[in-house]
Number of protein chains: 2
Amino acid sequence: MIGRLNHVAIAVPDLDAAAAQYRTTLGADVGPPQDEPDHGVTVVFITLPNTKIELLYPLGADSPIQGFLDKNPSGGIHHMCFEVEDILAARDRLLAEGARVLGGGDPKIGAHGKPVLFLHPKDFNGCLIELEQI
Amino acid sequence: MIGRLNHVAIAVPDLDAAAAQYRTTLGADVGPPQDEPDHGVTVVFITLPNTKIELLYPLGADSPIQGFLDKNPSGGIHHMCFEVEDILAARDRLLAEGARVLGGGDPKIGAHGKPVLFLHPKDFNGCLIELEQI
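All of the points below concern the structure found in this document. All values reported here derive from a predicted model rather than from experimental measurement.

1. Remarks on the interface of chain B and chain A
On the side of chain A, 40 residues touch chain B, which itself brings 40 residues to the contact. Across the interface of chain B and chain A, roughly 3400 Å² is buried in total on both sides, 64% from carbon and sulfur atoms. Counting every contact that joins chain B to chain A gives 0 salt bridges. If you look at where chain B meets chain A, you find 19 residue pairs in polar contact (both at pLDDT 80 or more). Element by element, the count of residues in the side of chain B that touches chain A is highest for helix 1 (residues 15-25) of chain B, at 6 residues. Of the residues contributing to the side of chain B that touches chain A, the split by class is 23 nonpolar, 12 polar and 5 charged.

2. Quick word on helix 3 (residues 87-96) of chain B
Looking at helix 3 of chain B, one finds that the buried residues are Ile87(B), Ala90(B), Arg91(B) and Leu94(B). Angular distribution of buried residues about the axis of helix 3 of chain B spans 100°; they occupy a single face of the element. Of the surrounding secondary structure, the elements contacted by the buried residues of helix 3 of chain B are helix 1 (15-25) of chain A together with strand 6 (76-84), strand 8 (115-119) and strand 9 (129-133) of chain B. Backbone nitrogen of Leu88(B) and a side-chain oxygen of the N-cap are separated by 3.1 Å at the start of helix 3 of chain B; the cap is Asp86(B). Among the residues trailing helix 3 of chain B, Gly98(B) stands out with phi positive, at a value near 90°.

3. Let's talk about the relation of the copies chain B and chain A
The two copies are related by a screw operation: chain B maps onto chain A through 180° of rotation and 0.0 Å of translation along the axis, at an RMSD of 0.0 Å. Between the two chains, the operation in question is that of a two-fold axis. Residues of chain B ranked by C-alpha distance from the rotation axis are headed by Asn50(B), positioned 3.0 Å from it. Comparing interface residues between copies, 100% of those in chain B also sit at the interface in chain A, which points to an isologous, same-surface contact.

So, how was this worked out
In every chain, residue numbers begin from 1 and rise along the written sequence. Numbering of ligands from 1 and lettering of chains from A proceed in the order in which they are written. It should be noted that, the model being predicted, local features are given only for residues of pLDDT at least 70 and side-chain atom pairs only at 80 or more, the latter also being counted only at that level, while totals for whole chains, interfaces and linings use all residues. Here the side-chain values reflect all heavy atoms present in the structure, with hydrogen atoms and water set aside. Any two residues whose heavy atoms approach within 4.5 Å are treated as being in contact. Summed over both partners, buried area is the accessible surface (1.4 Å probe) that two parts give up on being assembled. One side-chain nitrogen of Lys or Arg within 4 Å of one carboxyl oxygen of Asp or Glu is enough to make a salt bridge. Under this definition, polar contacts are N or O atom pairs within 3.5 Å; protein pairs additionally need one hydrogen-donor-capable and one acceptor-capable atom, and for neighbouring residues in sequence, both atoms have to be side-chain atoms. Secondary structure elements are taken from DSSP: a helix is a run of H or I of four residues or more, a strand is a run of E of two residues or more, and numbering for both begins at the N terminus. Residues were grouped as follows: Ala, Val, Leu, Ile, Met, Phe, Trp, Tyr, Cys and Pro as nonpolar; Asp, Glu, Lys and Arg as charged; and all remaining residues, including Gly, as polar. Here's how the labels work: a residue is buried when its accessible area is under 20% of the maximum for its type, exposed when over 50%, partly exposed in between, all with a 1.4 Å probe on protein chains only. The arc in question is the one spanned by the directions pointing from the helix axis to the C-beta atoms. Least-squares superposition aligns the copies on the C-alpha atoms of those residues with pLDDT at or above 70 in both.

What follows is the structure, given as C-alpha cells:
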C-alpha cells in the first residue's frame, strides 16, 4: 500500500540557521522559506536526489508544531510521509486493521495541495506518519 | 555534499509486531530479521520504491539503542542516514564548519559493510544523522 517516502519533516527552533546549515555544512539543495498559514508552519524544502527533507517552523499562534518544540527545544524529526495511490482506500484498510487515524478520519488538503491523513504515533512505534495521496 | 537519503531508522519495542504491521497494515515490502552482533541490533529492512526504513531492536547487553528505548518506550525515529561519496572529505568539511562527529571522528564500518560516521544531534536540530560512504 505505502509507496515512496515523500519526505521527512524536521521541526527546528531556528529556521534560518537550520536552512543555512543544510545548505552550507551539509551541501544540500535548500529552497527559500514558504509560509503555509493554513497549516501553521513556515517550511523550507530540501531536495535530495531521492526524496525531500522539510524543515518546519511555527507560524501563528496555534501552530501544530509548537507543542513539539516546547517538548523538544533543540528540534527533532516530527513526522515522515508515505505516498499512497488512494487515500480513502488506505484509510479504510488502516481502520479495519485497528489503527487510529487522527482528526476524525476525513482527509484534509496538506501543504502540497494533496489529500493527507495522519496516523496515531502510539499505533506506529512512536512515529507520526502522514499519508499523502499522489 | 549529502546525496540520497539511504534510510530512516526506527527503534521499536517489539520487532515482530512492527514488522508485521509494516507488512500487513501498511502493505510494505518487509524483509526477515537480521542480527548484527557487531552493532548490537537486530534489523528488519523495509524496501520502499525510493529508500529504506530500518526497524532496529536491541541485541545483546550493550545495545546502542537500549537507552533510546528506555527514554522512548513506544519507540521512535532513531536516526536518518545520508549518502556521501567521500566520507573523509565529508568529515573534514563538517569539522571545519564546527560540527561534532561522534566517536572520535574516524569512520567505522556500518551495518551495510560501508564506512559510516554519526553527527551530534545537538548540532543538527535534535536529529541523529548518519553519513554512509557509497
